[in-house]
Amino acid sequence: MLDMYWVKVIDRESELTVGLRYDDFNEQFYDRQNPANDYNYQLETLQAYLSLHHDYVIHQAWGLGVYAGWSERGKRYPAAANQDEVNDGVQAQLRVSWEYHSADKSSRLVFNFGLNLDDLSNDPGDGGGIYFQTQF
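Residues numbered from 1 in each chain as written. Predicted model: local features only at pLDDT ≥ 70, side-chain atom pairs only at ≥ 80, totals over all residues. Heavy atoms only, no water.

## A look at the layout of surface pockets
Link 1 in the chain: Its volume calculated, the largest pocket comes out at about 1,400 Å³.
Link 2 in the chain: Around the largest pocket, the lining comprises 49 residues; the ones closest to its centre are Arg-21, Tyr-49, Ser-51, Tyr-67 and Arg-95.
Link 3 in the chain: Those elements that provide at least two residues to the lining of the largest pocket are β1 (2–9), β2 (14–29), β3 (39–57), β4 (60–76), β5 (85–101), β6 (107–116) and β7 (125–134).
Link 4 in the chain: Of the residues that constitute the lining of the largest pocket, the class distribution is 17 nonpolar, 18 polar and 14 charged. (1 Å grid on protein atoms, 1.4 Å probe; cavity = no way out; pocket = protein on both sides within 12 Å on 5 of 7 lines; lining within 4 Å. Points joined across faces, edges and corners; volume = space filled by probe spheres on them. Helix = DSSP H or I, 4+ residues; strand = E, 2+ residues; numbered from the N terminus. Nonpolar A, V, L, I, M, F, W, Y, C, P; charged D, E, K, R; others polar.)

The following block contains the structure:
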């Protein structure tokens, strides 16, 4: 993973981040009972993103992000009986988040979800998540 970004403080409550990110992930799956099902999974992406974070009260904030780029993911089977699966193309997502944080921002609880902008009518949801982060 390579992530380059620039952060601009807009005012006391808001900041804007602009970035470029490259991911290259590979994983090998083995089926000990049926080796014909073994495959190599690959995910490679290059994306540009823009995100806005806004603290609207002392313990709460919202965020918006737009992510767009090229993605290639697939399964490559070593066995000749299986055909490789490759899915590539442009991907775009709108990410919306809400967070509750401590006054010093050393701890935060974040809820987020994404909308699939590249295929909004057929596949509107693009996942979501909850995470907690703290400093010790």
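## Let's talk about unusual backbone geometry
Link 1 in the chain: The phi torsion at Lys-105 lies on the positive side, around 60°, for a residue other than glycine.
Link 2 in the chain: You can see Lys-105 is positioned in the loop between β5 and β6.

## Notes on the pairing of β4
Side-chain direction in a regular strand flips from residue to residue, so the side chains alternate between the two faces of the sheet.
Link 1 in the chain: Sheet analysis places β3 next to β4, joined by 17 bridges and oriented antiparallel. Following the sheet pairing, Leu-50 is matched in β4 by Val-66.
Link 2 in the chain: As paired elements, β4 and β5 share 16 bridges and run antiparallel to each other. Looking at β5, one finds that Ser-71 is bridged to Gly-89. (Pairing = 2+ DSSP bridges.)

## Focus on the confidence of the model for the protein
Link 1 in the chain: Of all residues in the protein, 100% have pLDDT values of 70 or greater, and the mean over the chain is 92.
Link 2 in the chain: Averaged pLDDT values over the elements of the protein bottom out at 91 in β7 and peak at 96 in β1. (pLDDT = per-residue confidence, 0-100.)

## Things to note about the pairing of β5
Link 1 in the chain: As paired elements, β5 and β6 share 9 bridges and run antiparallel to each other. Residue pairing in the sheet places Glu-99 in a bridge with Val-110 of β6.
Link 2 in the chain: Where β5 hands over to β6, the hairpin turn is made up of 5 residues, of which Lys-105 adopts a positive phi near 60°.

## What to know about the sheet that holds β1
Link 1 in the chain: Across the sheet, 7 strands lie side by side as β1-β2-β3-β4-β5-β6-β7; this open sheet has antiparallel pairing. Looking at which strands have only one partner, the edges of the open sheet turn out to be β1 and β7. For this sheet, the mean angle separating the axes of adjacent strands, direction not counted, is 20°.
Link 2 in the chain: For β2 and β3, the ladder comprises 16 bridges, and the chain directions are antiparallel. Following the sheet pairing, Asp-23 is matched in β3 by Thr-45. (Axes fitted to C-alpha atoms, helices over the stretch in contact; angles between N-to-C directions.)

## Regarding the packing of aromatic side chains
Link 1 in the chain: Applying the stated criterion across every chain, the model contains 5 aromatic pairs.
Link 2 in the chain: Residues Phe-25 and Tyr-41 carry aromatic rings whose centres are separated by 6.2 Å and whose planes lie at 65° to one another, so their mutual orientation is edge-to-face. You can see Phe-25 sitting in strand β2 and its partner Tyr-41 sitting in strand β3, a full 16 residues away along the chain.
Link 3 in the chain: Taking the relative accessible area as the measure of exposure, Phe-25 reaches 40% and is therefore partly exposed.
Link 4 in the chain: Arranged with centres 6.0 Å apart and planes meeting at 35°, the rings of Trp-98 and Phe-111 form a pair that is tilted. (Phe/Tyr/Trp six-rings, centres within 6.5 Å; stacked < 30°, edge-to-face > 60°. Buried < 20%, exposed > 50% of the residue type's maximum accessible area, 1.4 Å probe, protein only.)

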